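Spelled out from the first residue to the last, the chains are:
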Amino acid sequence: MRKALTIGTAGVFVAASAMWLATSVSAQGGGTVEVEVKYNGAPQVEKLKVNKDTEKCGTEASIEKVVVGGNKGLANAVASAPGAKGASKAKAVIDQHGCKFVPHVVVMQPGEIEIKNSDDILHNIHTYSTANPSINKAQPKFKKVMTEKLEKPEFVKVTCDVHSWMLGWVAVVPGVAAVTDSNGVAKLENVPAGKQKIEVWHETLGKQEKEVDVKAGATTKVSFEMKGK
Ligand SMILES: [Cu+2]
């Protein structure tokens with residue numbers, strides 16, 4: 001008879017060491033990435049007449065789809081370094097003020113967001129998502145703050161069923177993230193030194209990514225140009 005083979009634990013296993021990250025051993029701290037986003041096209045802002053809740057909403061609303069500032073800078077784009085852990089855990093806040101979502105785009109780490117109603121009228125939060133459960137909730141004037149969970153990375157469109165023009169975005173982004181200002185600039189702070197992927201997203205112009213080499217204690221600049229669709 002054949003002698004039975006004794007097979008030990010020579011099977012396949014994944015060594016934890018395969019998961020190491022070069023940046024995690026750096027004790028030098030991080031650097032800043034200054035992201036500049038440009039758009040070589042015309043702004044797109046829709047204006048429409050308002051005839052509801054005009055004492056709070058005014059008589060004209062604008063839907064800011066593409067906001068272009070000085071030097072062709074693209075505002076309201078989300079810049080992020082998805083691999084940069086240690087982003088601020090401060091709770092994100094979006095307000096409904098003057099029948100607009102303020103800010104138009106807010107970034108948050110996966111977790112909780114505070115949705116405020118500082119208008120003293122009825123709004124209705126309605127989100128469009130695929131990764132996170134959709135939210136569709138009335139927010140009466142006495143309900144000044146609602147806390148909601150968005151736990152999966154996603155760009156979530158936010159609307160209000162009471163005021164059809166209200167449009168905002170919540171960018172649920174792991175890692176360090178920021179929204180570009182009116183000059184198209186966003187600063188990502190405390191990004192670990194080494195190679196990092198930088199992503200830029202805009203609600204109508206799409207996504208781009210680049211790799212940068214971040215230096216500890218220094219500012220690295222990277223620029224993007226979004227194309228029209
Ligand atoms: Cu509303």
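Above this note sits the structure.
Residues numbered from 1 in each chain as written. Predicted model: local features only at pLDDT ≥ 70, side-chain atom pairs only at ≥ 80, totals over all residues. Heavy atoms only, no water.

J.: Quick rundown of the state of the cysteines? Include the residues and the values.
T.: Considering all chains together, one arrives at one disulfide under this definition. Across a sulfur-sulfur distance of 1.9 Å, Cys57 and Cys99 are joined as a disulfide pair. Note on the Cys57 and Cys99 pair: the S-S dihedral is about -55 degrees, so by sign convention the disulfide is left-handed. Highlighted residues: Cys57 in helix α1 (residues 54-57) and Cys99 in the loop between β5 (92-96) and β6 (101-102), separated in sequence by 42 residues. Exposure class is identical for Cys57 and Cys99. Each is buried. (Disulfide = S-S within 2.5 Å. Helix = DSSP H or I, 4+ residues; strand = E, 2+ residues; numbered from the N terminus. Buried < 20%, exposed > 50% of the residue type's maximum accessible area, 1.4 Å probe, protein only.)

J.: Break down the coordination of the copper ion for me, with residues and values.
T.: Looking at the copper ion, the protein donor atoms are His123 (ND1), Cys160 (SG), His163 (ND1) and Met166 (SD), and they sit 1.9 to 2.7 Å from it. Taken together, the four donor atoms coordinating the copper ion span angles of 97 to 133 degrees at the metal, a pattern that classifies the geometry as tetrahedral. As a motif over one chain, the donors of the copper ion read H-x36-C-x2-H-x2-M. By the burial criterion, His163 is buried, and Met166 matches it. (Donors = N, O, S within 2.8 Å, 3.2 Å for Na, K, Ca; no water. Tetrahedral: all angles 85-135°; square planar, octahedral: opposite > 155°, others 65-115°.)

J.: So what's going on with the packing of aromatic side chains? Residues and values would help.
T.: Where two aromatic rings form a pair, the distance of their centres and the angle of their planes describe that pair. Applying the stated rule across the entire model yields two aromatic pairs. Ring geometry for Phe155 versus Trp201: centroids 4.1 Å apart, planes at 5 degrees, classification stacked. Within this pair, whereas Phe155 is found in strand β12 (residues 154-160), its partner Trp201 is found in strand β16 (residues 194-202), the two being separated by 46 residues in sequence. You can call Trp201 buried: its relative accessible area is 10%. Considering the side-chain rings of Trp169 and Trp201, the 5.3 Å spacing of their centres and the 65 degrees angle between planes classify their relative orientation as edge-to-face. Taken together, the positions of Trp169 in strand β13 (residues 167-172) and Trp201 in strand β16 put the pair 32 residues apart, joining distant regions of the chain. The burial state of Trp169 is the same as that of Trp201; both residues are buried. One aromatic cluster in this structure is built from Phe155, Trp169 and Trp201. Across from the ring centre of Phe224, 5.1 Å away, lies the NZ or CZ of Lys210, which sits over that ring. (Phe/Tyr/Trp six-rings, centres within 6.5 Å; stacked < 30°, edge-to-face > 60°. Lys NZ or Arg CZ within 6 Å of the ring centre and 35° of its normal.)

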